[in-house]
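# Coordinates in review
Here is how the chains run, residue by residue.
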Amino acid sequence: MAVFKETELIKLTGSFGDRELRIEKAVPAKANGIQVVFLHGVFSSANLGSANKFRVLAGEMCKRGFTCWLTETSRNIHNRDDFEDQGEWVRLAFAGKAYAQELSDAMKMVREVIRRTKGQPLWLWGFSLGGISACCCAAEPDINVKRLIVAGTGLYPKKKAEYMFELPILNTLKQDADFDVMKKVRTDSFIAFRGQKDEIFPRKACEKLYDSIKTDRGRKLFCQLPYADHSIRCVNGVVKDRLMSEMAEIAAKFQEPED
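Residues numbered from 1 in each chain as written. Predicted model: local features only at pLDDT ≥ 70, side-chain atom pairs only at ≥ 80, totals over all residues. Heavy atoms only, no water.

## Thoughts on the nonpolar core
Rules: Among buried residues, those of type Ala, Val, Leu, Ile, Met, Phe, Trp, Tyr and Cys that are joined through side-chain atoms within 4.5 Å constitute a nonpolar core. Accessible area is worked out with a 1.4 Å probe on protein chains only. A residue is then buried under 20% of its type maximum, exposed over 50%, and partly exposed in between.
Within the largest apolar cluster, 53 residues are counted, with the highest numbers of intra-cluster contacts made by Y99, L124 and L148. If you look at the next biggest cluster of nonpolar residues, it comprises 35 residues, including A58, A151, A228 and A251.

## As for the sheet that holds strand β1 (residues 6-13)
Applied cut-off: The pairing criterion is simple: DSSP has to find at least two bridges between the two strands. Secondary structure follows DSSP: runs of H or I at least 4 residues long count as helices, runs of E at least 2 residues long count as strands, and numbering of each begins at the N terminus. Between N-to-C directions, angles cover 0 to 180 degrees, with each direction set by a line fitted to C-alpha atoms, over the stretch in contact for helices.
In space, the eight strands of this open sheet follow the order β1-β2-β4-β3-β5-β6-β7-β8, with mixed pairing throughout. Two strands in the sheet have a free side with no partner beyond their single neighbour: β1 and β8 (219-225). For this sheet, the mean angle separating the axes of adjacent strands, direction not counted, is 15°.

## Some remarks on the layout of surface pockets
Which entries qualify depends on this criterion: Both cavities and pockets are sets of points on a 1 Å grid over the protein atoms alone; in a cavity a 1.4 Å probe fits but cannot get out, in a pocket the set is open with protein on both sides within 12 Å along at least five of seven lines, and lining residues sit with an atom within 4 Å of a point. Grid points are joined across faces, edges and corners, and a volume is the space filled by probe spheres set on the points. Throughout, the ten residues Ala, Val, Leu, Ile, Met, Phe, Trp, Tyr, Cys and Pro are labelled nonpolar, Asp, Glu, Lys and Arg are labelled charged, and all others, Gly among them, are labelled polar.
Put simply, the largest pocket is a space of about 1,400 Å³. Lining the largest pocket are 47 residues; nearest its centre among them are G41, V42, F43, S44 and R80. Of all elements in the fold, only α1 (53-63), α2 (86-94), α4 (129-138) and α5 (173-176) reach the threshold of two or more residues within the lining of the largest pocket. Broken down by element, the lining of the largest pocket gets its largest block of residues, four residues, from α2. Grouping the constituent residues of the lining of the largest pocket by class yields 22 nonpolar, 16 polar and nine charged.

## Points about the packing of α1 against helix α7 (residues 242-253)
Rules: Note that the term roughly parallel is reserved for angles under 35 degrees, roughly antiparallel for angles over 145, roughly perpendicular for angles of 65 to 115, and oblique for everything else. Should the near helix be turned anticlockwise from the far one by less than a right angle, the crossing is left-handed, and should it be turned clockwise, the crossing is right-handed. Contacts are residue-level and defined by heavy atoms, with any inter-residue pair within 4.5 Å sufficient.
Contact geometry for α1 and α7: axes closest at 9 Å, N-to-C directions at 40°. The angle between α1 and α7 falls in the class oblique. In this structure, α1 meets α7 at a crossing whose hand is right-handed. Where α1 approaches α7, its residues K53, V56, L57, E60 and M61 are matched on the opposing element by M244, S245 and A248.

## Observations regarding the pattern of salt bridges
Where side chains of opposite charge bring their charged atoms close, a pairing between them can arise. Quick reminder of the rule: Put simply, a salt bridge is a Lys or Arg side-chain nitrogen that is within 4 Å of an Asp or Glu carboxyl oxygen.
All chains considered together, the criterion is met by 19 salt bridges. Between E249 and R64 there is a salt bridge, with its nearest N and O atoms 2.8 Å apart. Here the residue E249 occupies a position in helix α7, and R64 occupies one in the loop between α1 and β4 (67-72), the gap between them amounting to 185 residues. One network of salt bridges, in which partners are shared, links E60, K63, R64, E249 and K253.

## Topic: the pairing of strand β5 (residues 122-127)
For the record, the criterion: When the strands point away from the viewer and the connection leading from the first strand across the helix to the second strand turns clockwise, the crossover is called right-handed.
Of all six residues that make up β5, six are buried, and the element is covered over most of its length. What you see with β5 is no split at all: L122, L124 and G126 on one side and W123, W125 and F127 on the other are buried throughout. Bridge analysis of strand β3 (residues 35-39) against β5 gives five bridges, and the strand direction is parallel. Its bridge partner being in β5, F38 is matched across the sheet by W125. Taken together, the five bridges between β5 and strand β6 (residues 145-151) define a ladder with parallel strand orientation. In the strand pairing of β6, L124 is matched with L148. Once the chain exits β5 it traverses α4 before rejoining the sheet at β6, and the crossover so formed is right-handed.

Okay, here's the thing in structure tokens:
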């Protein structure tokens, strides 16, 4: 049986480059009513392409009844797979883009999902920089988040990764991102995933973010996945789909307390 009952591509107007935002909706065979929006990391994309990790994660969540919405922010070009030199692609795709624009894109797509789903329970799941954007969305008064999930998200990088903050989007993060917004986040429950071998953020940086989020019901979980990398996609350089399955299982089984 197919993992997705149906899929849909939605396009909106974004803030930068070709001004195209993409949302791919994946509907399970038997829906539980919960809507999960995935926000990708910097220079990345969440889509249903065969090689995209979010397709695997969406498949695992759909198996468990969740309707998934995979997002892609605006950029100059979208053909990442055509470039052997990923640094060149980053420069061509994102040169001149600020984090304020990246966040604006994310919020617009989240609000579009809310508009389309008419009050159904909303989960936001952000990876890396997408986790910061998810937190910012959850602090907005008109965005009601039932569950907030971040993966590979910290408040400061390791020393050896500081060079990345000279790249587009990241080079405006300090001026555009209000990290005090974490205190304004509103959510019933919060999960923070981290790969044990995260090469970008130290554990303390991830724990600092985790500690700053207060949930409405005190429901929180910090989960470190053994030997996984920053993207929580690989173990010792080898892609492991089981990581997506493990996160999906943990997220689905982490239940709200009874009223």
